[in-house]
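Results of the structural survey
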Amino acid sequence: MSSWLGGIGSGLGQSLGQVGGSLSSFTGQISNFTKDMLLEGVEEVGDAATELHVSNTKLADIEGALASQKSEYDRLRRLHAELEEKLEASEIQIKGQSAEYRALLQQKDVEISHLKARQSGLQEEVQNLHYSAQSAAVGPAMLPVTTSSSTTTSSSVASYMSRPLASHQGFQGDEMDLSDVIWSQQEINRLSTEVMRLEAEVTHWRRMSQASTAATSGNGDQGEVLKLQRTTKELREEMSREVDEHQHELAALQDAQRQKMADITRRHKEDLAEYEERIEELEEQIHGGGVPATSPSDASKIPELQKIINSLQEAADQRENQLSELSASLEEAQTKHTSLQAEKDEVQEENTELLQNYTRLQASVTELQTRVQEQEGKSLQKAQLDHEIQVLRTNLAAAEKEIADMKSTTEAEPKEEVEHADILELNTIIGTLRQEKDVLEQEKLSLQERLEMAKEQIVNNNGAESGDTESLEDLKAELERREKVLRNTEEERDTLISELEELDGQNQEATQHMISVKEQLSGQLREAEAELTELTAELNTTKDQRRALEQDLENQKEKVSQSAFTLNDLHMGKQELEQTVKDLKDKLGHAQEQSREARREITELKKTSQEREEQLSVTKAELDQAGGRGTEAPGTGEKLAGMERELSELRRKLDEMRSSEEKVLSEDYELKMEIRRMKTESEQAVGKTEELTKQMKESQGALNRTVREKDTRIEALKLEKSQIEGELEQAERTLTEQGKQFQQTIEELTRARSMDASALQTEHERAIKLNQEKDLEISQLKRDVEQLASDHKDTNEMLSITVAGQKQLTDLLQEKDVFMDTLKQNASDLQKEMENSILVVTKEADALKRALEEKDKQLGGMKEKNSHLKEEIDRLRDQQSRPPTLSEPRTLDIMTELETEITQLKSSRNGLEEEVQTLRRTMEELQVSLLLSQQSLQAQQTELEQAHVRHQQTTLNYDRLIHARDDEISCLQQTVDQLREGQVRDSPPVQGEVILQEEKTQTLNQENGNEKHDLSKVEIERLVRGIKEKETEISLLNEKNLSLIRQVDQLVLYRDEVGKLSQMILQKDLEIQALHARMSMVGGGGHSQDVMFLQQQLQAYAVEREQVLAVLNEKTRENSQLRSDYHRLMDIMAGKEAALSKLQQENQRLSNMSDPSGSQEMFKETIQNLSRIIREKDIEIDALTQKCQTLVTVLQSSAGESGSGSGGVSSNQFEELLQERDTLKQQVKKMEEWKQQVITTVKNMQHESAQLQEELIKLQGQVCADSDSSSKLSVDYAGLIQSYEQKERRLGSLSQELAQVQHTITQLSTTKDVLLGKLDSVAQTPEVVAAQASGASLTADAHSRQTSPTANYEKPQEEIVQLRFQLAEKENIIMTLQENNHLLSNSASATESEQRSQVEEVRLVRERLEALQRSMREKDLLIKTKGDQLGHVSESLRNRENDNEVLKQAVTNLKERALILEMDGRKLKEENELVASRSREKESEFRALQETNMQVSLLLREKEFELSAVSEKSATVERMLKDKEQGKSGELNQLLNELKSMQEKAFAFQQERDQVMMALKQKQMETTAVQSELQHMRDKEQRLNLELERLRNHLLEIEDSYTREALAAEDRETELRRRVALLDDKLATSSSAGESASQQASMQVESLQEQLTGVVKQRDEALIRLRTSQEQVNQYAVSLSNLQMVLEQFQQEEKAMYSAELDRLKKEKDEWKRKAQRLEDQASSLQINLDEANTALESASRLTDQLDLNEEQIDELKKQVEIRQEMLEEAQRKLMTLLNSTEGKIDKVLMRNLFLGYFHTPKTKRADVLRLMGSVLGLSREDVDKMLGEDGRHGVTGWMSNWLGGRGAQSVPNTPQRPTSGQGFNSSFSEMFVKFLEIESTPSLPAARLPAHDIKALSAPPPRRTGSAASSGAAGAVALSKRPGESNPFLAPRSAAVPLLAGSSSGSSGGHLLMKPISDALPTFTPVPVSAESGGAVLKDLLKQ
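Residues numbered from 1 in each chain as written. Predicted model: local features only at pLDDT ≥ 70, side-chain atom pairs only at ≥ 80, totals over all residues. Heavy atoms only, no water.

1. Some details on the overall build of the chain
Each helix and strand counted, the chain has 34 helices and 0 strands in total. A total of 1985 residues make up the chain; the buried ones form 36% of that total. Long-range contacts, defined as pairs at least 24 residues apart, comprise 90% of the intrachain contacts of the chain with a sequence gap of at least 6. Looking at the chain as shown, the accessible area adds up to about 116000 Å², and 57% of this sits on carbon and sulfur atoms. (Helix = DSSP H or I, 4+ residues; strand = E, 2+ residues; numbered from the N terminus. Buried < 20%, exposed > 50% of the residue type's maximum accessible area, 1.4 Å probe, protein only. Contact = heavy atoms within 4.5 Å. Areas by Shrake-Rupley, 256 points an atom, 1.4 Å probe, with all protein chains shown as cover.)

As structure tokens, then:
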């Protein structure tokens, strides 16, 4: 049976799962369509060109994607059609199974009715037997007893009967399972056993009646009657006990059933969630693949589809983000819920307020730390900028020098060429002088002159060519310079990255510091927890936490002071000083007015206090009179004394307030004096500023500091005045309350006094905090003054340097107007660079615009996703809000849980909005800080430009000086040339020959034997000597080059161009002097050597000039590189700011989107409603069309398979279907028209929404400003409310007052520590200031060094004196408070003694017993109150522990965040190291390229030099030829030798110069590398120094915290000792009270003992009386017993009558109730059947819509239908004949069900089924057992198996065979279909779950159809009427609706799709139980949709 039921349930469940899957796919497609329609026109077109480009690219992508999407769409469409067919098949299968299930339930009802009939018969027999037995035994007198017993038994049987019915009815409303069916079977078995037991009882009673009649026929004793009565009572008790047990069992069964149903529903929900996830994945795949295009021709819709795809992907991301945010908000809501529960206690509210203050301070500390970090970054930037200024100065000087050298070289090169031409002319003149004698020679000379002219032209041409080559070299140099600029920019970028790393490191250090502070806090909190466990009282915990928080506050205040030192404005002017003096005067006037008002108020308060005192005296007199009159209240005098004490305390407080007012007046006077002194100081400062700028700035800093001090003091006075006003108002309130409530109890007066004390205490705490803040501000101002002084000294030094430079510039400006052209050229170059940078910036701006456009697009997509998500949420809500047919209690619970979750989500959303507001504030603060940094950068930029201008002027001056020296050198060279000419004329020719020969030999050696001349040994020796002299000269030149390289290195390292240039000028002067001396020392033989030396010097100077030019080039490149990097960084900063602002706008817009206006919500709701309606209508249309298709296919398949002998459908049904199809067509058309209208309205709404969004964006700015202001106001208001509530709560009790007193003591101790620390810092600061002043500038005045420390030292001393005075006053206040506490304790003890005396008097008046009872009650009440107090204390402790746990969690979260930040920092460091390594590799490559470039340039120069040498050689060869013709070869040889020697020398010098240049450039590269390494090392040193300073500060802070903790521990020890003493005192008082109570108890015991003796006497007397009375009682007892016997008999008879009547009435009532219940159940079942019939009719009417397409097929089928109709009529005739023949036989339905049940049950339980069949057929149980005993050969099972042809052994068919033609002729289509469903419902092997894309086509043969179940359709029709006891047919799990594995039959191709089993690749679904009501409701919903 179980397997059979499981097969039915699995088939049903799988069919339902397929229906759900198909519906989800429908809804997904329809939602996609609605999204597409709603998304049209959302995205607006931005830039036209970019949009065109983007659209073209998107079109290309989408056209490629369309093909794949189309194929995917076709595949999905096929899959969809298959799923729809399966859905229809499952629906039909469900109907058949439901019919079978109902038949089964009817069978069970029949069995139950049989059993009930048997039970009722047995009960009647039992009753008859009882009647007969008792009538025989007792007679007519005892009849009522027997009736009662019989009724009891019948009631027991009724209870047995009612129990299964009740259980069944109880389970009817719940969800039923397979276990319920099994349980019902067990109940039937139990009832049968009960029947057997009753039969046994009947036989027993029969025997008893027979025995009683035989034995006791004549006996009528009363003993037997009594026995029978006892037995009846026992039976009744047993019956009641059994009823109770059965009820307990029922309750247990119901609980088990509920648990089962809860598990099943949970699994169902989990499966649903899995299915939904799978559906979402499929939808995402579909979306990822893209929405299929409606038509391939529509190219315009392709970009829209792409946009839709992007928007859907963004929506998925946003949904995930929203889910994470919702989860976070849920967690936050839970934490808020716990905090709200914890805030119920007053002490915890104080704790939460302290924690809020702590968090605020933490936020302020973090803000200050960020500011400190920004300031540190600014200071680092300042240092770097100063360094860069120096570098730029050096670069400018070098660049200008290089420009000047370039010009000088351009001027000097033609001079050298002119000198060379002059030498040639001198040679020609010598030739003409020697050849004047001959006329022919003159003609030749004229020809030679012409040749010389041509040569000069050639030489000039060569000079021009050299100029061209020089211009080429200049261009190459410019290229190199540009490349260097690029490399320098890269290097600067690397440096900036390293600086960013340093800033990140500092950030991490700050966060680590915060973590350490938080760890300290957590440690202190743990200490507080330990103290909580040790001390039961709450006071210690609150005090310790407050102390810990105060310590944190002090630490954070110190940090605030340290961070505030960096935040200062550097430059203040003289006009600002005058304005501040005026403001101070105005503020003084205001303060004087306020002090006058305060005096007036104080006088008024004095008057009111006098009036109150007079009233008090009057009331005292009245009280004295009342005390004289009344004798009942003797304690009034003591009360008056207590009141007088309190009045004296109030007077004392007024005196203290007056003293504080006097203090305020004295401070006002001090302020006035200080302002006068300030005026004098300001006048002096003004005079000093007129004299000197330095003194002006110092006085300005002092005045700024004093002004700030005065402002702070005035603010402090205002605050103190407001506090005094509040105190006075509170005092007035307390006085009025005392006047009104004077006749009340003493406790109210103490509360009022505690109010005053707490208010005073809080105000004193505020005053202390204000004093601490003022001290911090004073120290900050002092440090500001020190920084200003150091800055002024630096600026004075700069001014002195610039003044000296300006003097030189004024002298040199008049000489050098020529260099303005160079400056103009530089300006043009700079303009070009600026244009290039502007182009780069514009490109970056375009890129940023594109990024912004992309962000806007993403925003649009996010909005669309939001709308889609909201639509889906609404859809889910609608699905959830669909009410079930019969509401269960679990749905209500789920609804309440959902509502609570919604409220939690709303609260979390509010929390998120608050966080967004805080983030906005932080963003605004960051923007402000960015603006400040930009301003400072601009200021530094202006300073840089000024420094550049000064630097250019100085370099111009030095260049002018150098050029003047060069001019002098050129003049001297001209004079030397003139002298040389004179030497050449006078000197003998031998020396010239030698020089020429030496040069010639060298040229010959270089040319490798091109020209061969014979030379003698003497000449070779001379050549060797000349070579040695050359080598010595080369070594000298190398030494000079080395010295020059060292000088260049010094220039690069030290960057003192001014000193070096002055040294150069001095060297030039010395050289000029040496030249003058040589001019004077000119002799006959050494002129040629001097000329050579001068030439060498000239070449050396040219080399030096080239080196200096190279250095200047590098410096200018670095300068331009720095400028370009600076501009690039500024652009990046601007872009980041723009991005930040846009992000802020987006955040605001998103926040507004999350909380939109009413109009937007209305608009969204309308869109959602419209989309929902569209979806529903589309789903209806699709469902109708698909159902029609499936019906047609089913009809076709049935027609094709049945052949000619199968039945059909009637023509009337077809006509009805056609009519319904026409109506549905009209409805569909109407719906399509309505849908188009809706789409148009949606588009219009979208256009309107775009306009509304623009208006919203405008309004959002105003809303943000208003929200910021409102949030600030709400924060202030919340703070005020909290302070007010805190003040109200502090009026609690004496314990809180004591805690506050101790808190003030700890505060004063901490302030003492702070003051001592400040004294040390004040003592240290003057020395530091003096040291800085002496180190900064030696020119500073001694007067300024002495005055500033004294002025700084006197003010803190005055403040320390004032603070000590305040400390003394606070200590006096503490003493008064302690005295008040002692007085209160005394008064309380006095009142207690008075109460005791009154109680004793009352006790004396009243009786002692009452006094004892009262004392006991009072003690009980005291115990209860103590217990309540203990409970409150324990609750408060638990709340505190919860708070501590919350704080621990917060600390752990912060630690995790810190670890995450550390990991990020490490990653960034690793990335920076990689970047640095890459930059080093690039630098090495760059160096290699530079070297190769230099080599190439040298090779070019050598080639050019060789060309010039060859040209000169050709000229000399021509000249030689001409000279040979004339016969003067010797002179020509001399000339040629001279030329060659000169050329060789020039070539050698050029090579040496090139080598020196190469070496110099290598050295420069090495120096730059060394400099970069040096800079890196310096940066490392700075970082290490910063780390050291941080660690030192950390150590100092730790030491301070340890000292504070030690002091706090000492204070705690003193407090604990004092408390121990107080507890000892209390112990003593309690012991005395206990002794007194024990004495009273002893007195009471004595009195009780006396009473006891009296009672004993009375007892003895009563015993005597009792004995006498007992005797009388014994006498009366005999007579009474007789009377009792008679009475009992009468009573028993009456009871029997009443019980019989009651039982009868109860039976009638139960029967009527049962009848009513049955009728109600029948009515409900009929109603359900009616509804189902209506739904089936509606579904059939809907199904006709698709028949439109199949009209032609219907025409063809009509003929077949007529044939089948005839066959049907024949079958009906046969049926009628069969019915006529089989009337009066066994019910076929019952036998069919039993028969089917036999084959569906497992083999082990088939015997039970056969027994049941035997009982129905009337066979006895023994016969059936005998038949089952012969099981194998001749038994029933063998007969069954033989009868069925060997099929009896198979419980479930595995491979069904196709029916034969003979079987199929006599069976109708409905019978065949029902048979198919029966076969298909058998469970097969479970298939694996596989993905959706592997679904195969349905290919399996139809299962077998037999004629054994020919009447199943009729049975199903009969079984439509449900009964109350029957279960739901939709109970099976979802796993076996259709067999998932195809059979291995050969005929796989034949048959219809519906008749085929589902392929093995289809996904199977886990079974989901459906309730009796919910299953029907699901099907109804499906049919409706």
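The structure having been displayed, the exposition proceeds.
2. Some details on the packing of helix α27 (residues 1788–1800) against helix α28 (residues 1806–1817)
For the pair α27 and α28, interaxial distance at closest approach is 9 Å and the crossing angle is 165°. Of the possible angle classes, the one that applies to α27 and α28 is roughly antiparallel. In the crossing of α27 with α28, the sense of the turn from one axis to the other is left-handed. Across from L1790, M1791, L1794, G1797, Y1798 and F1799 in α27, the residues of α28 making contact are R1806, V1809, L1810, L1812, M1813, V1816 and L1817. Looking at the contact of α27 with α28 residue by residue, the classes come out as 11 nonpolar, 1 polar and 1 charged. (Axes fitted to C-alpha atoms, helices over the stretch in contact; angles between N-to-C directions. Parallel < 35°, antiparallel > 145°, perpendicular 65-115°, else oblique. Left-handed = near helix turned anticlockwise from the far one by under 90°. Nonpolar A, V, L, I, M, F, W, Y, C, P; charged D, E, K, R; others polar.)

3. Re the packing of aromatic side chains
All chains considered together, the criterion is met by 3 aromatic pairs. By way of ring pairs, the aromatic residues F1795, Y1798 and F1799 are connected into one cluster. Stacked on the ring of W1712, the Lys or Arg K1715 has its end atom at 4.8 Å from the ring centre. For the cation-ring pair, R1806 lies above Y1798, with the distance from its terminal atom to the ring centre recorded as 5.1 Å. (Phe/Tyr/Trp six-rings, centres within 6.5 Å; stacked < 30°, edge-to-face > 60°. Lys NZ or Arg CZ within 6 Å of the ring centre and 35° of its normal.)

4. Remarks on the pattern of salt bridges
For the structure on display, the rule yields 51 salt bridges. A salt bridge links D1748 to R1221; the nearest nitrogen and oxygen atoms lie 3.7 Å apart. Of this pair, D1748 sits in the loop between α25 (1529–1743) and α26 (1751–1781) while R1221 sits in helix α21 (residues 1211–1289), and the two are 527 residues apart along the sequence. The burial state of D1748 is the same as that of R1221; both residues are buried. R1590 is the partner of E1587 in a salt bridge, and the nearest nitrogen-oxygen pair spans 3.2 Å. Linking E1587 with R1590, this pair stays in helix α25, spanning 3 residues, or about one helical turn. Relative accessible area serves as the criterion here: at 26%, E1587 is assigned to the partly exposed category. One continuous salt-bridge network, built from bridges that share partners, spans E473, E1106, R1501, R1553 and D1554. (Salt bridge = Lys/Arg side-chain N within 4 Å of Asp/Glu carboxyl O.)

5. Some details on the nonpolar core
Counting 15 residues, the largest nonpolar core has L584, M678, L703 and L728 as its most contacted members. It is helix α12 (residues 693–740) that provides the largest number of residues to this core, a total of 6 residues. Beyond its immediate sequence surroundings of up to four residues, M678 is in contact with L584, L703, T706, V707 and K710. (Core = buried A, V, L, I, M, F, W, Y, C linked by side-chain atoms within 4.5 Å.)

6. What about the environment of T942?
Mapping T942 onto the fold places it in helix α15 (residues 889–986). On the basis of relative accessibility, which here comes to 41%, the residue T942 falls in the partly exposed class. Reaching out from T942, the side chain makes a polar contact with the backbone oxygen of A939 at a distance of 2.4 Å. (Polar contact = N/O pair within 3.5 Å; in protein donor to acceptor, adjacent residues only side chain to side chain.)

7. Focus on a nonpolar patch on the surface
On the surface, Y1676, L1680 and L1683 cluster together to form a nonpolar patch covering roughly 340 Å² of accessible area. Assignment of secondary structure puts L1680 in helix α25. Taking the relative accessible area as the measure of exposure, L1680 reaches 44% and is therefore partly exposed. (Patch = residues over 30% accessible without salt bridge, like charges linked within 9 Å, V, L, I, M, F, W, Y side chains within 5 Å.)

8. Focus: the packing of α28 against helix α29 (residues 1821–1829)
Running from amino to carboxyl end, α28 crosses α29 at an angle of 140°, the nearest separation of the two axes being 10 Å. In terms of orientation, α28 and α29 fall into the oblique class. As for the relative orientation of α28 and α29, their crossing is right-handed in sense. Contacts between α28 and α29 involve A1807, L1810, R1811 and G1814 from the first element and V1824, D1825 and L1828 from the second. Grouping the constituent residues of the contact of α28 with α29 by class yields 4 nonpolar, 1 polar and 2 charged.

9. Some points on the environment of Q940
Within the secondary structure, Q940 sits in helix α15. Classification of Q940 as buried rests on a relative accessible area of 11%. As for Q940 and L385, which are separated by 555 residues in sequence, their C-alpha atoms are 7.8 Å apart. If sequence neighbours within four positions are ignored, Q940 has contacts with K382 and L385.

10. Structural notes on a positive patch on the surface
A contiguous patch of positive charge, built from K227, R230, K233, R236 and K1695, is present on the exposed surface. Among the elements that take part in the positive patch, helix α5 (residues 222–289) stands out by supplying 4 residues, more than any other. Within the fold, K233 resides in helix α5. K233 gets classed as exposed once you look at its relative accessible area, which sits at 55%. (Lys, Arg positive; Asp, Glu negative; His and termini not counted. Charge placed at Lys NZ, Arg CZ, Asp CG, Glu CD.)

11. Things to note about a negative patch on the surface
The grouping of E276, E277, E280, E281, E284, D317 and E320 at the surface amounts to a negative patch. Top contributing element to the negative patch by residue count: α5, with 5 residues. Mapped onto the fold, E277 is located in helix α5.

12. Digging into the confidence of the model for the chain
In this model, the chain carries a mean pLDDT of 76, and residues with pLDDT of at least 70 account for 76%. Of the regions scoring below 50 in pLDDT, residues 1344–1351 engages in 8 contacts with residues more than four places distant in sequence or in other chains. (pLDDT = per-residue confidence, 0-100.)

13. Some remarks on the side chain of Q1121
For Q1121, the position within the fold is in helix α19 (residues 1087–1154). Using a relative accessible area of 2% as the deciding quantity, one classes Q1121 as buried. Leave out the neighbours within four places in its chain, and Q1121 touches K484, V485, L486, R487, N488, T489, E490 and E492.

14. Overview of α27
End to end, α27 covers 18 Å across 13 residues, agreeing with the expected 18 Å (1.5 Å per residue, within 8%). Of all the 13 residues making up α27, 10 are buried; the element is thus mostly covered by neighbouring parts of the structure. Looking at α27, one finds that the buried residues are L1790, R1792, N1793, L1794, F1795, L1796, G1797, Y1798, F1799 and H1800. (Expected span 1.5 Å × (residues − 1).)

15. Some details on the side chain of R713
Examined against the element boundaries, R713 turns out to sit in helix α12. R713 sits in the buried class, given a relative accessible area of 17%. Those residues in contact with R713 that sit more than four places away from it in its chain are L671, E674 and E1359.

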